[in-house]
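Analysis of the macromolecular model
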Amino acid sequence: MRKYGKKYGLKESMHRHLYDNQAIYMFTIVLFLVGIVFGAIVVNSLSITQKHDLYMYLQQFFGQVSDGHVATSTEMFKQSFSHYAKYFGLMWILGLSIIGLPVILVLLFLKGVVIGFTVGFLVSQMGMNGFFLSFVSVLPQNLILVPAFIIIGTASVSFCLKMIRNQFVKGINEPFFPQFLQYSLLILCVGASSLIASGIEAYMSPLLMRMVIGSIL
C-alpha cells in the first residue's frame, strides 16, 4: 500500500505543477515555436554566398558521415551529454536568480531558432532529401529534448517568479528550502532524460543518417 501511496503522491505533484504553471507553459511553448519560425525565416535572409558556404560544409560533413570518418559514438555521447547537462544546469542556476528570468526565455527562444534554422536550411537546399535528413538527424533526440527544455524552462521561470513575489510583495513569505528542493529535484529528474537523448544522438542518428545519405548521394 505504501508503494501505491508514493506513486499517487508523485502523480498529484505532477498534476499540481502543471495546473499551477499552465499559463507559463503556454507562454514558453509559444516562445519556443516562435523561435522555430524565426529560425526558418533566417534561412531565407541568408545571402547566396552564405548558403553556398554552409551547403558545401554540409556536403563535406555528409561525406564524412557516409565514410564513417566522424567521432566515435562514445565520444559523441560524452559531448552531447556534457552540452545538454551544462545547458540544463545553466537554466537551473538562472532560475535561482531574479535577474535570470529574461536569460531563461532567451535560451528557450534560441533553442527553437537552432531547430528551425537547421530544418529550414536542409529543406531549402535539398528539398525532400533535406526533409528526410532532418527527420533522422534532428527529430529523434528532440522528441525527448524539446519537452525537457519546455519543462525545465517553465520550472525555472516559475521559481524566478516565486522569488520575485517573496522579495517584493508584502505579506508573502513562503519557505525557501522546500521549494528549492522541489525545483532542484524536478530539474534533476527531467534533466536525466538527456542521457537517453544523447544516446539516440550518438548511436542511432548516425546510423539513420548513413542510410539516408547513402540513398541520396
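As a reminder, the structure under discussion sits directly above these lines.
Now for a quick tour of the structure.

Next up on the list: the packing of aromatic side chains. Scanning the entire structure with this criterion turns up 11 aromatic pairs. Residues F77 and F81 carry aromatic rings whose centres are separated by 6.4 Å and whose planes lie at 5° to one another, so their mutual orientation is stacked. Within this pair, F77 and its partner F81 are both found in helix α4 (residues 73-95), separated by 4 residues, close to a single helical turn. Seen from their ring centres, F88 and F149 are 4.9 Å apart, and the 55° between their planes marks the pair as tilted. Of this pair, F88 sits in helix α4 while F149 sits in helix α7 (residues 139-168), placing them 61 residues apart in sequence. We note that F88, like F149, is buried. Counting every residue linked through ring pairs, the aromatic cluster contains F77, F81 and Y203.

A separate point is the layout of surface pockets. One way to see where empty space is left: roll a probe the size of a water molecule over the atoms. Counted as a void, the largest pocket has a volume near 950 Å³. Lining the largest pocket are 33 residues, with F61, T118, S137, V138 and E201 positioned closest to its centre. For the lining of the largest pocket, the secondary structure elements donating two or more residues are α3 (48-67), α4, α5 (101-126), α6 (128-137), α7 and α9 (193-216). With 8 residues, the single largest contributor to the lining of the largest pocket is α5. Put simply, the second largest pocket is a space of about 810 Å³. The leading source of residues in the lining of the second largest pocket is helix α1 (residues 2-20), at 8 residues. Looking at the lining of the second largest pocket, its residues break down into 14 nonpolar, 7 polar and 5 charged.

Cut-off values and rules
Residues numbered from 1 in each chain as written. Predicted model: local features only at pLDDT ≥ 70, side-chain atom pairs only at ≥ 80, totals over all residues. Heavy atoms only, no water. Phe/Tyr/Trp six-rings, centres within 6.5 Å; stacked < 30°, edge-to-face > 60°. Helix = DSSP H or I, 4+ residues; strand = E, 2+ residues; numbered from the N terminus. Buried < 20%, exposed > 50% of the residue type's maximum accessible area, 1.4 Å probe, protein only. 1 Å grid on protein atoms, 1.4 Å probe; cavity = no way out; pocket = protein on both sides within 12 Å on 5 of 7 lines; lining within 4 Å. Points joined across faces, edges and corners; volume = space filled by probe spheres on them. Nonpolar A, V, L, I, M, F, W, Y, C, P; charged D, E, K, R; others polar.

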